[in-house]
Amino acid sequence: MELLLVLGLPLAGTLLLALLGARHFAGELNIGVSFATLAAATLLVVRVIRHGPLLVWHDQFLVDSFNVFLVALTVFVGFTTAIFSRPYMRIEEHHGRLNPRRLRLYHSMYQLFMAAMLLALLTNNMGLLWVAMEAATLSTVLLVSLYRTKASLEAAWKYFILCGVGIALALFGTILLYFAAEQTLGREGMTALLWTHLDAVKEHLEPRVLGLAFVFLLVGYGTKVGLVPLHNWLPDAHAEGPTPVSAVLSGLLLNVALYAVVRCKILAEGSIGSALPGRMLMGFGLLSAVLGAFFLWRQRDIKRLFGYSSIEHMGIITFAFGLGGPVANFAALLHMTVHSLTKSSIFFTAGHASQAAGTQRIDDIRGLAGISPTIGWGLMLGSIAILGMPPFGVFTSEFLILTTAMRDHPWSTPILLIALGVAFAGIFSKVQPMVFGESDAPPLPHSPAMVPVFLHLAMVLTLGLYMPPALAEWYRAAARLIGG
Amino acid sequence: MLKSQLIAQSLKLLAACLLLISFAMLSRRRTQRLVILFAWQGAILFLSTCLVAYDAGLTELWYSAALTLVLKVIALPWILHRLIQRLGAQWDTEPIVNIPITMLAGLALVIFAFGLAQPISMLATTITRNTLGIALAVILLSFLMMITRRKAVTQVIGFLAMENGLFFAATSATYGMPMVIELGIALDLLVGVFILGIFFFQIREQFDSLDLHHLEALRED
């Protein structure tokens, strides 16, 4: 029942906002739908915590400790982003960059995107997971090209073609997976692609087929995670789309794509019986972390800067999942959470900062603390948090990942440290002059919504200082499930 | 026994035709021609799906064959044709592509695909097992086409050809994936083309051309 609500509410919201999205109260309506989804998801979480994993509707949907936490994160950030987007979009309309028709498209696609992501997370069917991932891609293509400028069209085109190819490769992987499953499970129609069924017989699946399938799935879904060398779409899409979209892309979509990769990794590792899939994740992860960090230095656009920072962090998380074992998985899940919260709050402030300065060029944004102390300090605190400074939660997860890497694969530690150091210097040297300094920019026409920013940062801080035992137990259960 | 052998033989023939068409696509410069070739590819896909459906006696596969006929042989080529006409792009060519080198690269890809698929095809129990390599080759060739071409329409045809290859893989290796998923794929395909249709018009409006060379402003500084 809760499941039905979690999936149905955003879909209903899509239709409702497709009808009413151009009205002046559409922003509030968007918040309302997001809040209802959040409430339904809370009920679902409570139920899963009380009664354990849930497998419903002919086993087509699965809620276990791994995905329920991502569901909670997704709907929460979806809700706060909706709060942020209301004044943000008003200001954009005030500046004449959007009209009511575009806003209708935006609100409707926003809910469709949430629905697609939740479906991808909750389904137990690998085929349906693929369909949901493609739906998420298609709905965001329209969101990225919302401003209809040359640059945004180019970004959306790149995003569509690259992710389209990626998603096609993932489909080939899924076909191979079905092929392997058919050998073992026999022809049972829909059931041969169910993850739980595959998981139960993974030792008997043909390792050669599964190996090849995993390569295709990793490259395919990896494109959406933004792993180097398939990351080209990510900075463009983040820079040219509206800021709420950048926030949900970075904070949520990358996580969901990585979730798909990890589900496939569990199957592949069980079948092959070696650590090869994990090693592949580690390789891709390290490459992304290092190159993402070095690319940071060359960025002149504030949203591109943090787009590359997302590549770096997704690299670190992928690396941690590749390491495997309870501690690294725990750290990876924690890092997923804190990265989403921090990165979306950074995009919120970066969006308002570029609205206040009238440009996204880093060189032209100056003296944010003078224009609006909340925006300036929000950006500063967010940057400090994402760079992994101690009291924040990012430090905890990065520390855990580093120590595990040091124990299991000492060679990788210096590489990781270089990536973190380079990223620190790169971001800090660019953010510092943006926040401090002189500016004569006029104040914003609508007051910005800074509550989500500080709420997110407070949560990240709390996770760094004190982790509630219930949450830790939750992460541990999910980490056990991932194994490796 | 004879009948099933005949079916297996004709499937191999169709698979070979599919590969041939992929090469023909690589060698064509004119966009209009590519649409016709794409329609042919859809027709072959339809025939091969019918054969597998007949042999396996699965009703699901008949549905998906009908879907292929409607979508890939009639609807999509027609939409693409209309799109090209409305954009006045019938005579557009791709001047910069080096055809001989592309063909050689294509050959290398086919060999690679066969090498990759061989150990897996051995495991297949279906009569169409040898065609998995060809399906992979078609996917890779379409990929090559997308990389080498510059026009938006050509890239989309490359993408659609890739989906054809995937669909062929789904029938050849597994006797058709479960129905709901095929529907999802078909739907996504259509939505994708729909979006691209809108896109073309906007690219046209903004840049006065469908040449993607204009889309190179976003680079690393």
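Predicted model only: the values in this text are computed from it and were never measured.

With that out of the way, let us pick up the packing of aromatic side chains. Under the counting rule described, the total for this entry stands at 14 aromatic pairs over all chains. Measuring from centroid to centroid gives 5.6 Å for Phe-424 of chain A and Phe-428 of chain A, while their planes differ by 5°, and the two rings are stacked. Separated by four residues within a single helix, Phe-424 of chain A and Phe-428 of chain A lie in helix α17 (residues 412-435), roughly one turn from each other. Judged by its relative accessible area of 30%, Phe-424 of chain A falls in the partly exposed class. Put simply, the rings of Phe-69, Phe-330 and Tyr-475 of chain A pair up and form one aromatic cluster. Across from the ring centre of Trp-195 of chain A, 4.3 Å away, lies the NZ or CZ of Arg-263 of chain A, which sits over that ring. Sitting above the plane of the Phe-167 of chain B ring, Lys-72 of chain B keeps its charged end 4.3 Å from the centroid.

Let us look at the pattern of salt bridges. Pairs may arise between side chains of opposite charge once their charged atoms sit close together. All names here are of chain A. Applying the stated criterion to the full structure yields 14 salt bridges over all chains. Residue Asp-408 is joined to Arg-407 by a salt bridge in which the shortest nitrogen-to-oxygen separation is 3.1 Å. What makes Asp-408 partly exposed here is its relative accessible area of 33%. For Arg-407, a relative accessible area of 59% translates into the label exposed.

This paragraph deals with helix α3 (residues 59-86) of chain B. Residues and elements named next belong to chain B. With 28 residues, α3 extends 39 Å between its outermost C-alpha atoms, agreeing within 8% with the 40 Å of an ideal straight helix rising 1.5 Å per residue. For α3, the principal kink sits at Ala-75 and spans about 30°; a proline, Pro-77, occurs within the next four residues. Along α3, the residues that are buried comprise Leu-61, Ser-64, Ala-65, Thr-68, Leu-71, Lys-72, Leu-76, Pro-77, Leu-80, Leu-83 and Ile-84.

Here we take up the environment of Ile-21 of chain B. Residues and elements named next belong to chain B. As for its position among the elements, Ile-21 is in helix α1 (residues 2-27). For Ile-21, a relative accessible area of 11% gives the class buried. Non-local contacts of Ile-21, meaning those with residues more than four positions away in its chain, are made with Leu-37, Trp-40, Gln-41 and Ile-44.

So, how was this worked out
- Residues numbered from 1 in each chain as written.
- Chains lettered and ligands numbered in written order.
- Predicted model: local features only at pLDDT ≥ 70, side-chain atom pairs only at ≥ 80, totals over all residues.
- Heavy atoms only, no water.
- Phe/Tyr/Trp six-rings, centres within 6.5 Å; stacked < 30°, edge-to-face > 60°.
- Helix = DSSP H or I, 4+ residues; strand = E, 2+ residues; numbered from the N terminus.
- Buried < 20%, exposed > 50% of the residue type's maximum accessible area, 1.4 Å probe, protein only.
- Lys NZ or Arg CZ within 6 Å of the ring centre and 35° of its normal.
- Salt bridge = Lys/Arg side-chain N within 4 Å of Asp/Glu carboxyl O.
- Expected span 1.5 Å × (residues − 1).
- Bend = angle between axes of the 7 residues up to and from the residue.
- Contact = heavy atoms within 4.5 Å.

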